Amino acid sequence: MNMKLETLVIDPPAPTRKIGGVILDLQNISLRFGGVKALTDISFDIREHEIRAIIGPNGAGKSSMLNVINGVYHPQEGRIVFRGQERRQMEPHMAATQGIARTFQNIALFKGMTVLDNIMTGRITKMKSTFVEHALWFGRARQEELAHRRKAEEVIDFLEIQHIRKTPVGRLPYGLQKRVELGRALAAEPSMLLLDEPMAGMNVEEKQDMCRFILDVNDQFGTTIVLIEHDMGVVMDISDRVVVLDYGKKIGDGVPDEVKNNEEVIKAYLGAGH
Amino acid sequence: MQFFFEVLIGGLLSGIMYSLVALGFVLIYKASGVFNFAQGAMVYLAALSVVGCMEKGAPLWLALILAFAVMTLFGIATEKFVLRKLVNQPPIALFMATIGLAFFVEGLAPMVFGSDPRALDLGIVDEPIESILESAGMVISKFDLVAAGVAAVLVTSLALFFQYTRIGRALRAVADDHQAALSIGIPLQHIWAIVWGVAGFVALVAGMLWGARNGVQFALTFTALKALPVLILGGFTSVPGAIVGGLIIGASEKLAEIYIPPVMQSLFGGNFGGIEGWFPYVLALLFLLVRPEGLFGERHIDRV
Ligand SMILES: Nc1ncnc2c1ncn2[C@@H]1O[C@H](COP(=O)(O)OP(=O)(O)O)[C@@H](O)[C@H]1O
Ligand SMILES: [Mg+2]
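Details of the overall build of chain B
Looking only at helices and strands, one finds 12 helices and 0 strands in chain B. Starting at the N terminus and walking to the C terminus, you meet the elements of chain B as α-α-α-α-α-α-α-α-α-α-α-α. Relative to the compact-globule value of 19 Å for 304 residues, chain B shows a C-alpha radius of gyration of 20 Å, a close match. Expressed as a percentage of the 304 residues in chain B, the buried residues total 46%.

Re the overall build of chain A
The helix and strand tally for chain A stands at 10 helices and 10 strands. Relative to its full complement of 274 residues, chain A shows a buried share of 42%. The contacts of chain A with a sequence gap of at least 6 include a subset with a gap of at least 24, amounting to 72%.

Examining the interface of chain A and chain B
Buried accessible area, meaning the area lost when the parts come together, often serves as the stated size of an interface. Contacts between the two partners involve 24 residues from chain A, matched on the other side by 23 residues from chain B. Only helix H2 (94–97) and helix H4 (131–135) of chain A provide two or more residues apiece to the side of chain A that touches chain B. Looking at the side of chain A that touches chain B, its residues break down into 12 nonpolar, 9 polar and 3 charged.

Concerning the site of ligand 1
Residue and element names in this part refer to chain A. Within the structure, ligand 1 sits among Phe 33, Val 36, Ala 38, Gly 56, Asn 58, Gly 59, Ala 60, Gly 61, Lys 62, Ser 63 and Ser 64. Looking at the shell around ligand 1, the elements that each hand over two or more residues are strand E2 (36–47) and helix H1 (62–69). The leading source of residues in the shell around ligand 1 is H1, at 3 residues. Residue classes in the shell around ligand 1 are distributed as 4 nonpolar, 6 polar and 1 charged.

Remarks on the confidence of the model for chain A
Here chain A averages 88 in pLDDT, while 87% of its residues score no lower than 70. Here residues 1–7 of chain A scores under 50 on pLDDT; set against residues more than four positions off or in separate chains, the count is 13 contacts.

Digging into the environment of Val174(B)
All names here are of chain B. Mapped onto the fold, Val 174 is located in helix H7 (residues 166–176). Look at Val 174 and you get buried, because 24 C-beta atoms sit within 10 Å. On a C-alpha basis, the gap between Val 174 and Leu 188 in space is 6.9 Å, while along the polypeptide they are 14 residues apart.

As for the pairing of strand E10 (residues 249–254) of chain A
All names here are of chain A. Strand direction decides the pairing type here: strand E9 (residues 241–246) and E10, joined by 5 bridges, are antiparallel. Paired with Leu 245 across the bridge in E10 is Lys 250. The turn joining E9 and E10, which pair antiparallel and follow one another in sequence, is formed by 2 residues; a positive phi near 45° is taken by Tyr 247.

Brief notes about helix H9 (residues 188–214) of chain B
Residues and elements named next belong to chain B. Its 27 residues give H9 an end-to-end C-alpha distance of 37 Å, which sits within 8% of 39 Å, the value for a rise of 1.5 Å per residue. Counting buried positions over the 27 residues of H9 gives 22, a clear majority of the element. Within two residues after H9, Gly 215 carries a phi angle of roughly 90°, on the positive side.

With respect to helix H1 (residues 2–32) of chain B
In this model H1(B) runs 45 Å from its N-terminal to its C-terminal C-alpha over 31 residues, within 8% of the 45 Å that 1.5 Å per residue would give. In the segment just after H1(B), Gly33(B) is the residue with positive phi, at about 60°.

Structural notes on the packing of helix H2 (residues 39–55) of chain B against helix H4 (residues 91–113) of chain B
Residues and elements named next belong to chain B. Axis separation between H2 and H4 bottoms out at 9 Å; the angle between their running directions is 10°. As far as their axial angle goes, H4 and H2 are roughly parallel. Residues Ala 41, Met 42, Tyr 44, Leu 45, Leu 48, Ser 49 and Gly 52 of H2 form the contact with H4, whose own contacting residues are Ala 102, Val 105, Glu 106, Ala 109, Pro 110, Val 112 and Phe 113. Within the contact of H2 with H4, the residues separate by chemical class into 11 nonpolar, 2 polar and 1 charged.

As for the packing of helix H6 (residues 142–164) of chain B against H9(B)
Residues and elements named next belong to chain B. One can describe the packing of H6 onto H9 by two numbers: an axis separation of 11 Å at closest approach and a directional angle of 175°. When the axes of H6 and H9 are compared, the pair comes out roughly antiparallel. Of H9, the residues touching H6 (which contributes Phe 143, Ala 147, Val 150, Ala 151 and Leu 154) are Val 202, Val 205, Leu 209 and Arg 213. Split into classes, the residues belonging to the contact of H6 with H9 amount to 8 nonpolar, no polar and 1 charged.

Brief notes about the domain arrangement of chain A
All names here are of chain A. Each domain of chain A was delimited in the assignment, giving domain 1 (1–10 + 17–96 + 190–197 + 212–274) and domain 2 (100–189). Only H1, H2, strand E7 (192–196) and helix H7 (204–221) provide two or more residues apiece to the side of domain 1 that touches domain 2. Residue composition of the side of domain 1 that touches domain 2, grouped by class: 10 nonpolar, 2 polar and 2 charged.

Details of the pairing of E2(A)
Relative to E2(A), strand E1 (residues 22–33) of chain A runs antiparallel, the two being bridged by 8 bridges. Bridge pairing in E2(A) places Arg32(A) opposite Lys37(A).

As for the sheet that holds E2(A)
All names here are of chain A. The 4 strands lie next to each other as E2-E1-E4-E5, forming an open sheet whose pairing is antiparallel. Since the sheet does not close on itself, it has two edges, and those belong to E2 and strand E5 (85–86), each with one partner. The sheet contact formed by E1 and strand E4 (residues 77–82) spans 5 bridges and is antiparallel. When the bridges of E4 are listed, Gln 27 appears paired with Arg 79. Of the strands in this sheet, E1 and E2 are in contact with H1, which crosses E1 at around 120°.

Side note on the confidence of the model for chain B
Close inspection of predicted coordinates is inappropriate for parts of the model with low pLDDT. Of the residues in chain B, 97% reach a pLDDT of 70 or more, and the chain-wide mean stands at 85. Our summary of model confidence lists the complex with pTM equal to 0.77 and ipTM equal to 0.84.

Quick word on the sheet that holds strand E8 (residues 224–228) of chain A
Residues and elements named next belong to chain A. Here we have 6 strands laid out as an open sheet, ordered E6-E7-E8-E3-E9-E10, and mixed in their pairing. Edge positions in the sheet fall to strand E6 (100–103) and E10, since each of these pairs with one other strand and no more. Pairwise comparison of adjacent strand axes, ignoring direction, gives a mean angle of 15° for this sheet. Across the sheet, H1 lies against strand E3 (51–55), E6, E7, E8 and E9, angled at about 150° from E8, the strand it touches most.

With respect to unusual backbone geometry
Residues and elements named next belong to chain A. Even without glycine at this site, Asp 41 takes up a positive phi of about 50°. We classify Asp 41 as partly exposed; it has 14 C-beta atoms within 10 Å. With a phi angle near 55°, Glu 160 is a residue other than glycine that sits in the positive phi range. Within the fold, Glu 160 resides in the loop between helix H5 (139–158) and helix H6 (174–187). On the basis of neighbour count, Glu 160 is assigned to the exposed category, with 12 C-beta atoms found within 10 Å.

About the cut-offs
- Residues numbered from 1 in each chain as written.
- Chains lettered and ligands numbered in written order.
- Predicted model: local features only at pLDDT ≥ 70, side-chain atom pairs only at ≥ 80, totals over all residues.
- Helix = DSSP H or I, 4+ residues; strand = E, 2+ residues; numbered from the N terminus.
- Rg over C-alpha atoms; globule rule 2.2 N^0.38 Å.
- Buried ≥ 20, exposed ≤ 12 C-beta atoms within 10 Å, placed from the backbone.
- Contact = placed C-beta atoms within 7 Å.
- Nonpolar A, V, L, I, M, F, W, Y, C, P; charged D, E, K, R; others polar.
- Near = placed C-beta within 6 Å.
- pLDDT = per-residue confidence, 0-100.
- Pairing = 2+ DSSP bridges.
- Expected span 1.5 Å × (residues − 1).
- Axes fitted to C-alpha atoms, helices over the stretch in contact; angles between N-to-C directions.
- Parallel < 35°, antiparallel > 145°, perpendicular 65-115°, else oblique.
- Domains from an automatic or database assignment.

Okay, structure coming up:
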């Protein structure tokens, strides 16, 4: 990974934003896959409305951390306190109902569906009408469908993808697919958004767009954002706080300036040959 | 010409029965991205449950309800004990699991309900409809017509269900990407249980109709093979495809059976009977070369 700090010109986070109290507290998390220690005794917290970056070399355990937050992986040790409540065993689909949405390192869109349909699926947990109402296209079902449709269109406008709304996502270029995936996550109106390398493989211009969207989401909707990203320039520019992982251990945590000057962090990046 | 229509209609009617079996495959393929090798075994299990219960003294309606309970339990158990362990595994692992499931069911069901072939009487006679015979001079079986009607209603309501409901949308999402479906809050387990339950119900209806026609016996498991060319024609992911595919296969195999042998005989001599048995597969093979995703299938085929 190269520490390119000069490639991107990004507006700094809007000063109006107020960072709140701790919304998610991760305490002494350890996660193993057989003999592989993906995460070892990691503690950090995430505050409401902040942009919290997780960085580290490949295989450091960043994605695993996101999967722990999301309830997909269950750590063998540690406590997770979400909104003041200790989390018990959680089914993977429950994160969405608790207001946690995410995107994936390898795009996971519904390839056969159009952009609009993909974004509509983001609202699936919010749909209430029963099958019968639905089947008969009855009052509530009808109103509901239209309301969801409006929300989806708002997301589409927000991400400036009106021109591809009816395109099957499989046909879109990579950068746009990433954007649609963000759209599906946004459609759920999450309070927390987990982004796993949302800018990987993008050119400078696409990255700039993506940065702008992330900042706007954070600013306009107050969404708490957990961001995994390799581009140091982006990370240092847009995050409020950064946690650094290496070989499954936490080696740094703080505001960007602190992390940038942390001896261990610098060593990890140089040592890993990036 | 009249004879042609008689053959054509007979073919279309039996084709709907193929659609019915194909539909079971499509549902499960859509939900779990896997070719369910056990579909034929499920048809057998369903039919056996019905005759088994009737032998123990239950009237037909009760036997049907009990058989439906059996199929629902089977669906839920399959999800709980087999599929749940295989989330995020490659599709081939799921496919292997369904093979195991097929042998398990084919072994267990006859142990519970008895293995000897039995007749199943639904109270619908298999004889020509007189009014049509008199007015048009065509032989159209009453049983075929009723069976086709039942199948048509079922197929249509399922098609609507999956096209226009929230569960349908969830189902399509699950079919496409498990992880992503979970991340937007779709409970994979419920969807799978529902789909296997519905597939069990479809198997029950198919088992009734095929069982009443050909007897309840182990050969019912082979109805699954009849569905293969239908699926190739219609596409593995399309409910309308299963319907149209079934109609095409049904009609074309009957027409081929009647009209191809005389031509072949005059050209090459010899006996060309039994074309019905392999014609659908040849048709499917040709189709595969021209349009591998099927008439209605989605173009990406990355799961086998
Ligand atoms: N589902 C899994 N099964 C087995 N090992 C895994 C799994 N997920 C992650 N790992 C292992 O955990 C470690 C951390 O991986 P990951 O969290 O993907 O790192 P990063 O996202 O920082 O590149 C790696 O050694 C990886 O092989
Ligand atoms: Mg990763």
